[in-house]
Structure formats: structure tokens, C-alpha cells
Amino acid sequence: MRDIGAVAGLAAFIGLAVLWLLYFIQARDVRRLRDWAGRAPERDAELQEATSAVAAGRAEELRKIERVQRAEAEAAEQRESRRGRRQGGEGEGRLDALLDRSGGWPRLVAAIVVGVLVLGAAGYGVSKVVGGGDTSTKQAQGKNGKNAGNKGGGAASGDQTQVAVLNATPTAGLATTFANKVEENGFHPKPITNAPSTTTYIESAVMYAQGNRSDATSLADALSITRVDPMTSEVAGVSQGAPVAVILGQDFGNLPAG
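In this report, we go over the structure that sits alongside the text. All values reported here derive from a predicted model rather than from experimental measurement.

What counts, and at which threshold
- Residues numbered from 1 in each chain as written.
- Predicted model: local features only at pLDDT ≥ 70, side-chain atom pairs only at ≥ 80, totals over all residues.
- Heavy atoms only, no water.
- Helix = DSSP H or I, 4+ residues; strand = E, 2+ residues; numbered from the N terminus.
- Buried < 20%, exposed > 50% of the residue type's maximum accessible area, 1.4 Å probe, protein only.
- Areas by Shrake-Rupley, 256 points an atom, 1.4 Å probe, with all protein chains shown as cover.
- Arc of directions from axis to C-beta.
- Core = buried A, V, L, I, M, F, W, Y, C linked by side-chain atoms within 4.5 Å.
- Contact = heavy atoms within 4.5 Å.
- Pairing = 2+ DSSP bridges.
- Axes fitted to C-alpha atoms, helices over the stretch in contact; angles between N-to-C directions.
- Polar contact = N/O pair within 3.5 Å; in protein donor to acceptor, adjacent residues only side chain to side chain.

**Some points on the overall build of the protein**
Helix and strand content of the protein: 6 helices and 5 strands. Ordered by position from the N terminus, the helices and strands of the protein form the series α-α-α-β-α-β-β-α-β-α-β. Across the 258 residues of the protein, 22% fall into the buried class. About 18,100 Å² of surface is accessible on the protein, with carbon and sulfur atoms providing 58% of the total.

Below, the structure written as C-alpha cells:
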């Protein structure tokens, strides 16, 4: 019985020791849990600091990228500006060289004016040559038509204008003399007769039907007659339809016939 009590006492002692050890371990774990729970705000702060650090680093990287892009854009603008200035300088240099060769602005302007005048003169000469050829052709056609009219005894052909030559003076043959002058100026003289006796013509005149004033004026200048009037009904009655009539007045009466 004594052995059993001793064994029981020893077992109880060992059990108490184990129990005390377990209590100590539990107490330590509880303290750790309390400490960990008490440090929760600190962990949040640490997490925020870490996040802020990452965000700051990312922001710094973005700022670096932006600075690099801005620098590249400024460099490109400077290159374009230098290229434009270089091209402008080359253009000014060419203009200065041209001015140096030509002797400055006055000589350059004078050369331009001379060139324009030369071109204008050349164009005028060409137009005269071309126009002269056309005029010669028309004159030749007019002469052919005039000859054909004279031979046929009819009205004028081509672009000739029929002109009545009327003698209002007592000088015989005066109308025939002026008819030759009329024909020499490219008109077709017909009829060649006396002016109406009902009217006295002191001053010679060239009369025209409507629409023929230009021909009348041209003929008056050729015959040195200053008076140009619309055709009267009396003159139209003896002109046989001629749109232009020359009335030889007393101012031509002293001219010799022939």
C-alpha cells in the first residue's frame, strides 16, 4: 500500500507539472494574440505606407516619361525651326546673289520693264504682220470685185459699198472725175449722174443711209469733204439704192474736169 501511495503521489506531481506547463504555454499564446490584435492599426499604417511608396514610385516614373516626351517634342520643334531658317536663308542668299549679278533693285526693275516692252513690241509686230496679210487679201479681193463689177456693169461684189456720185455744179465731167477717186478708195461708184435740181448745194457733202455712217465718214476723209449728213429723200431718189452718196457742190465747181 505504501508503494501505491508513493506512485500516486509521483503521478500527481508529474500531472501538476504538465498542467502547469500547458497553462504557461497557453498564457504565452494568449499574450501573443493580444499583442497581435493590439498592433492592427500599426499594420494598417505600414500597409498604407507601402502602398503610398509604390504609388509615389509609379508617379515618378510617369513624370520621367512625360519629361522625356516633352524634351523630344521640343527637340523636334527646334529642328523644324532651324530647317525653316536655313531654307529662308538660302532663298535670301539666292535673291541677294541675283541682285548682286543684276546690279541691285533699280537694274532688276529696269530689266523687267525692258523685257515687257520688248515682248509688247514683238506682239505688236506679229499682229501687224498677220493683220497686214489679212488687209492685203481683202484689198486684193476688193480689187477683183471692183473689176468684176466694172466689167459686168452691175452692183459691187465682195465687201465694196455702192456710192452714188452726184454733180451739183455746172462743171461737166466733174462727177466722172470724182467717181474715179471713189473707186480708187475701194468703193463702187454707181450711179454717176447729176444731183437733184431742186436744191442748191454750195458745200459738198457725203450723205448716208441708216447704218452706213462709217463708210460715209471714211469716204469723206478720203475726198477731203468735211460735211457728212444723213441722206435726204431727194438724194435717195436719184441714188438708185446706193447707201452712200457724194454730192459735189459749188466749192468743187472750179476744179477742172477730166
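Structure shown, so let's carry the discussion forward.
**Observations regarding helix H5 (residues 213-223)**
Residues of H5 that are buried include every one of Ala216, Leu219, Ala220 and Leu223, and no others. What you see down the axis of H5 is that its buried residues fit within an arc of 105°, all on one side. Opposite the packed face of H5, turned more than 90 degrees from it, sit the exposed residues Ser214 and Asp221. Ser224 occupies a position one or two residues after H5 and carries a positive phi of about 60°.

**Notes on the nonpolar core**
Judged by nonpolar contacts, the single largest core of 20 residues is most densely connected at Leu219 and Val246. Of all the secondary structure elements, the ones that give two or more residues to this core are strand S1 (162-167), helix H4 (174-184), strand S3 (205-208), H5 and strand S5 (244-248). Of all the elements, H4 adds the most residues to this core, at 5 residues. Ignoring sequence-local partners within four residues, the contact set of Leu219 consists of Val163, Val182, Phe187, Val244 and Val246. Judged by nonpolar contacts, the second largest core, of 10 residues, contains Ala164, Tyr201, Ala242 and Ala245.

**Topic: H4**
The complete set of buried residues in H4 reads Leu174, Ala175, Thr177, Phe178, Ala179, Val182 and Glu183. Following H4 by one or two positions, Gly186 has its phi on the positive side, about 90°.

**With respect to the sheet that holds strand S2 (residues 188-194)**
Strand order in the open sheet made by the 5 strands is S2-S1-S5-S3-S4, with mixed pairing throughout. Only two strands of the sheet have a single neighbouring strand rather than two, namely S2 and strand S4 (228-230). When strand polarity is set aside, the average angle formed by the axes of neighbouring strands in this sheet is 25°. Bridge analysis of S3 against S4 gives 3 bridges, and the strand direction is parallel. The residue of S4 that forms the bridge with Val206 is Val228. Of the strands in this sheet, S1, S3, S4 and S5 touch H5, which is tilted by about 35° from S5.

**Remarks on the side chain of Gln162**
For Gln162, the location among the structural elements is in strand S1. Side-chain polar atoms of Gln162 contact the backbone oxygen of Lys190, separated by 2.9 Å.

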